[in-house]
Amino acid sequence: MVQNEGNPDGTAAPVDGLVLDMVERVTLHILDSDSARRAQLARLAFAAGHHAEIYANAEELLSHAPSTGLVLAHDEPTGEGIAALIGAMMRAGHWLPVIAVAEVPETHAVVTAIKAGALDYLGVPTQIAPLNEAIARAAREAETHRAQRARAAEARQRIARLSLREREVLDRLAEGCSNKAIARDLEISPRTVEIHRMKMMGKLGARHAAEAVRLRIEATGLDDVAA
C-alpha cells in the first residue's frame, strides 16, 4: 500500500504552487508492472486528492478483491492487457470501473479496451487536471454500468430457471422467429411451442415477448463480457 504524502490534515498538497480543484475523493487501484511508473501515478493520485493502492499485476489486484474505487491500469501487453484484466475481474466477480493508460495510446488498443468495457483510455497522466477529468467521467459512467450489470445479473438469474427447451424457444424468439418457424426448427408442433413459450414467460416474469427478449439480450451481454 502507498501512503498519502499530502498535508498533515489529510488534504492534498499543492503541486508546483497550484491550488487543486476540489474533486470527489476516490480510491485508485493502480495496476502497473513498472514500479517507477506505479509510484509516479500514486504520487499524482495523492496530489489530486485521492487515495492510491498499487498492484504489480492482475493476480495481486484480484487477491485483494477491492469492492470500491476505480482501477487505473497500464495496458500491457498493449492492446491485450485491459481486455484480459476486465475478463479476469468479471470471472472472479470483482468488477470495478477501469481507466486504461499507455505511454502512447494506439487506435487498435483503445478500440479493444473500450469494447472490453474500459471507461476511458489515456496517455499516462503527468498532470492533475487530465487525471481528475478522467476520474470524473469514469465515475459518472460507472453508475450507468453498475445499473446495467445489476439488470444483467437479474436477467441471467431468471433465465437460469428455464428448461433447455424453454431456453431454445427464447433464443429463437430473440432471433425474430415466429411460433411456426420455431416449431419447424425444433421439430415440434406449434402448439407445443406455445406451451413452452407460456411457461418460459411465466418463469421470466415477462408480460410480453419484447420483455422476454430484452431479458435474454441483457443476460447474454453479461455472459459475453465474462467469457
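Residues numbered from 1 in each chain as written. Predicted model: local features only at pLDDT ≥ 70, side-chain atom pairs only at ≥ 80, totals over all residues. Heavy atoms only, no water.

Attention now goes to the overall build of the protein chain. Counting its regular elements, the protein chain contains nine helices and five strands. The helix and strand sequence of the protein chain, counted from the amino end, reads β-α-β-α-β-α-β-α-β-α-α-α-α-α. Evaluated residue by residue, the protein chain yields a buried proportion of 43% over its 227 residues. Approximately 12200 Å² of the protein chain is accessible, and the part contributed by carbon and sulfur atoms is 52%. (Helix = DSSP H or I, 4+ residues; strand = E, 2+ residues; numbered from the N terminus. Buried < 20%, exposed > 50% of the residue type's maximum accessible area, 1.4 Å probe, protein only. Areas by Shrake-Rupley, 256 points an atom, 1.4 Å probe, with all protein chains shown as cover.)

Of the consecutive residues Glu76 and Pro77, the connecting peptide bond is found in the cis state with omega at -5 degrees. Considering the arrangement of structural elements, one finds Pro77 in the loop between β3 (70-74) and α3 (81-92). The residue Ala65 is not glycine, and still its phi comes out positive at about 45 degrees. Following the sequence through the fold, Ala65 ends up in the loop between α2 (58-64) and β3. When its relative accessible area of 30% is taken as the criterion, Ala65 is described as partly exposed. Positive phi, normally seen in glycine, also occurs at Glu187, with a value near 60 degrees.

Let us now look at the packing of helix α6 (residues 164-174) against helix α7 (residues 179-186). Think of two packed helices as two axes; the pair is described by the angle between the axes and how far apart they sit. Running from N to C, α6 and α7 cross one another at 130 degrees; their axes reach a closest spacing of 10 Å. Here α6 is positioned oblique relative to α7, judged by the angle of their axes. Crossing handedness for the pair α6 and α7: right-handed. Every residue of α7 that contacts α6 at Arg165, Glu168, Val169, Arg172 and Leu173 is listed here: Ile182, Asp185 and Leu186. Each residue belonging to the contact of α6 with α7 can be placed in one class, and the counts come to four nonpolar, no polar and four charged. (Axes fitted to C-alpha atoms, helices over the stretch in contact; angles between N-to-C directions. Parallel < 35°, antiparallel > 145°, perpendicular 65-115°, else oblique. Left-handed = near helix turned anticlockwise from the far one by under 90°. Contact = heavy atoms within 4.5 Å. Nonpolar A, V, L, I, M, F, W, Y, C, P; charged D, E, K, R; others polar.)

Once that is clear, we can look at the confidence of the model for the protein chain. Averaged over the protein chain, the pLDDT score is 85; the fraction of residues at 70 or greater is 87%. The low-confidence segment residues 222-227 (pLDDT under 50) makes 14 contacts with residues lying over four places distant or belonging to another chain. (pLDDT = per-residue confidence, 0-100.)

What follows covers the packing of α3 against helix α4 (residues 107-116). Running from N to C, α3 and α4 cross one another at 10 degrees; their axes reach a closest spacing of 8 Å. The orientation of α3 relative to α4 falls into the category roughly parallel. Judged by residue contacts, Ile82, Ala83 and Ile86 of α3 engage Thr112, Ala113 and Ala116 from α4. Residue composition of the contact of α3 with α4, by class: five nonpolar, one polar and no charged.

One finds Leu28, Ile30, Leu70, Leu72, Ile99, Leu131 and Ile135 to be the most contacted residues of the largest nonpolar core, which totals 24 residues. Listing elements by their share of this core, those giving two or more residues are β1 (27-31), α1 (35-47), β3, β4 (98-102) and α5 (128-159). In this structure, Val71, Val98, Ala100 and Ala113 belong to the second largest nonpolar core, which totals 21 residues. (Core = buried A, V, L, I, M, F, W, Y, C linked by side-chain atoms within 4.5 Å.)

For the coordinates displayed, the defined rule picks out 14 salt bridges. The salt bridge partner of Asp185 is Arg172, with a shortest N-O separation of 2.5 Å. In this pair, Asp185 sits in helix α7 while Arg172 sits in helix α6, placing the two residues 13 residues apart along the sequence. Asp185 sits in the partly exposed class, given a relative accessible area of 48%. Residue classification places Arg172 among the buried positions, given a relative accessible area of 18%. Shared partners join several salt bridges into a network, and the residues in it are Asp32, Arg37, Glu76 and Glu103. (Salt bridge = Lys/Arg side-chain N within 4 Å of Asp/Glu carboxyl O.)

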